[in-house]
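Here is what each chain is made of, one letter per residue.
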Amino acid sequence: SDWETYKRLIAYSRPYTWRLVLGALCGILFAGSTVGLLPTVQNALGRFFDPDQPLELKMAAILGGTVILLMLVRGVGQYYNAYLVQWVGNRVVMDLRVATFAHLQDLSVGFFNATQTGEMISRTVNDSTLLQRAVSTVLTDLARQPVVLVGAVTYALTRDWKLTFCSLVLFPLCLLPILGFGKRVRRASKEGQERLAEIVSIMQETILGVRIVKAFCMEAREQSRFANECHSFFRRIMRVAKSKALIEPIIVLISGFGLVFALSYAAHTGMKWNEFITMTIALMLLYDPVKRLSKIHLSIQQS
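> So what's going on with the side chain of Gln193? Residues and values would help.
Within the fold, Gln193 resides in helix H7 (residues 171-208). Those residues in contact with Gln193 that lie beyond four places of it in its chain are Ser122, Arg123, Asn126, Asp127 and Leu130.

> Before we move on, can you summarise the environment of Met218 with the specific residues and values?
If you trace the backbone, Met218 turns up in the loop between helix H8 (210-215) and helix H9 (219-269). On the accessibility criterion, Met218 (22% relative accessible area) is partly exposed. Sequence separation between Met218 and Thr206 is twelve residues; the distance between their C-alpha atoms is 9.7 Å. Dropping the residues within four chain positions of it, Met218 is found in contact with Ile212 and Val213.

> Give a detailed account of unusual backbone geometry, specifying residues and quantitative values.
Phi at Cys217 is positive, roughly 55°, even though this residue is not glycine. On the secondary structure map, Cys217 appears in the loop between H8 and H9. For Cys217, a relative accessible area of 63% translates into the label exposed.

> Give a detailed account of the pattern of salt bridges, specifying residues and quantitative values.
By the definition in use, this model includes nine salt bridges. Where Arg91 meets Asp95, a salt bridge forms, and the shortest distance between an N and an O atom there is 3.5 Å. Here Arg91 pairs with Asp95, and both are found in helix H3 (residues 57-105), just four residues apart, close to one helical turn. Of the charged contacts, one joins Arg239 and Glu191 as a salt bridge, the two residues approaching to 3.3 Å between their closest N and O atoms.

> For a nonpolar patch on the surface, give the residues involved together with the corresponding values.
On the surface, Leu69, Leu72, Val76, Tyr79, Tyr80 and Tyr83 cluster together to form a nonpolar patch covering roughly 630 Å² of accessible area. Considering the arrangement of structural elements, one finds Tyr80 in helix H3.

> Go over helix H6 (residues 161-168) with me, naming the residues and quoting the values.
Three or more residues of H6 are buried, namely Leu163, Thr164 and Ser167. Buried residues of H6 fall within an arc of 100° about the axis and therefore sit on the same side. Looking at H6, the residues exposed on the side facing more than 90 degrees away from the buried face are Trp161 and Phe165.

> Would you mind going over the side chain of Gln204 in detail, with residue names and values included?
The residue Gln204 is located in helix H7 in this model. Discounting residues that sit within four places of it in the chain, Gln204 has contacts with Thr117 and Gly118.

> Quick rundown of the nonpolar core? Include the residues and the values.
The biggest cluster of nonpolar side chains holds 19 residues, and the ones touching the most others in it are Leu163, Ala262, Met271, Phe276, Leu283 and Leu286. Broken down by element, the residue count for this core peaks at seven residues, all from helix H10 (residues 273-302). When near neighbours in sequence (up to four residues on either side) are disregarded, Met271 contacts Asp160, Leu163, Tyr265, Ala266 and Phe276. Judged by nonpolar contacts, the second largest core, of nine residues, contains Val88, Val92, Leu96 and Leu131.

Thresholds applied
- Chains are numbered independently. Their residues run from 1 in the order of the written sequence.
- For this predicted model, a pLDDT threshold of at least 70 governs which residues receive local features, and a threshold of 80 or more governs which side-chain atom pairs are given and counted, while totals over whole chains, interfaces and linings are taken from all residues.
- With hydrogens and water excluded, all non-hydrogen atoms of the structure serve as input to the side-chain values.
- Secondary structure elements follow DSSP: runs of H or I of four or more residues count as helices, runs of E of two or more count as strands, with numbering from the N terminus.
- Two residues qualify as a contact provided that any one of their heavy atoms is within 4.5 Å of a heavy atom in the partner residue.
- Per-residue accessibility, obtained with a 1.4 Å probe over protein chains only, is compared with the maximum for each type, and a residue is labelled buried under 20%, exposed over 50%, and partly exposed between these values.
- The working definition used for a salt bridge is a side-chain nitrogen of Lys or Arg within 4 Å of a carboxyl oxygen of Asp or Glu.
- Patch rule: a residue counts if its relative accessible area is over 30% and it has no salt bridge; like charges are joined within 9 Å, and nonpolar side chains (Val, Leu, Ile, Met, Phe, Trp, Tyr) within 5 Å.
- Accessibility throughout is a Shrake-Rupley quantity obtained with a 1.4 Å probe, and a residue counts as covered only by protein chains that appear here.
- Think of the arc as the fan of directions from the helix axis to the C-beta atoms.
- In plain words, nonpolar cores are sets of buried Ala, Val, Leu, Ile, Met, Phe, Trp, Tyr and Cys residues tied together by side-chain atoms within 4.5 Å.

It is worth stressing that arrangement in space is one thing and function is another; only the former is reported here.
Encoded structure:
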């Protein structure tokens, strides 16, 4: 049901498909150039710091030029991927707000009598802002991270399939906290948006009814109502913040165990130090997409 709901949201981006496709291609360009740095770094380490092999100016120029070219391609891909997808995300939010306002115009007078004005304002303005993250951030990472993950896995497997396979065994452990915190984020986000709607409603009622508030000396009462709702909203959003903040340290800790295992394996097999450094970078590239893809799940749940 989560995926069906998310597909409804993505449907709003169909008028801007060409921008999404171009942004996704730039994301793939970014990811491909990132993975392409791995063999270049390994060759550079082997050429520059091998005590038995003199440093050649021609080889240094070739490797240096390759690094600069890959970094340039990576930067261009990162910029246009972020800009184009963010453009689509902001445009979808604008369309949703316009559509929500137009829908309000078609509702009956009875609906307006039964619904708080502040709640309608909050639904139109505040709730739609959360959807921007679901479109822009999620689509950006979906375009980049799977390519980085597949490229890093492929490179690592070609270098040492045993070490790579043992590292991949830790991946299921990374999924456990993601699934557990996802439900908490969804529940806390919904409660937080309800509290935010109540905050806007209190403001709207107090400002419009300021004469009644002043006439009956109700300032302290309204301040107390507003403060209570703000505290309630704060508690909800901090639940979301705590769940999101816990994900990365847990995955980093699991990655640390993987790095310790890699060190032990390298010492046992006598792996060359430049190959070990490159393999370590490749393994780090494996876990970075996992971290980012885990946040995609939390963003979808929140949105």
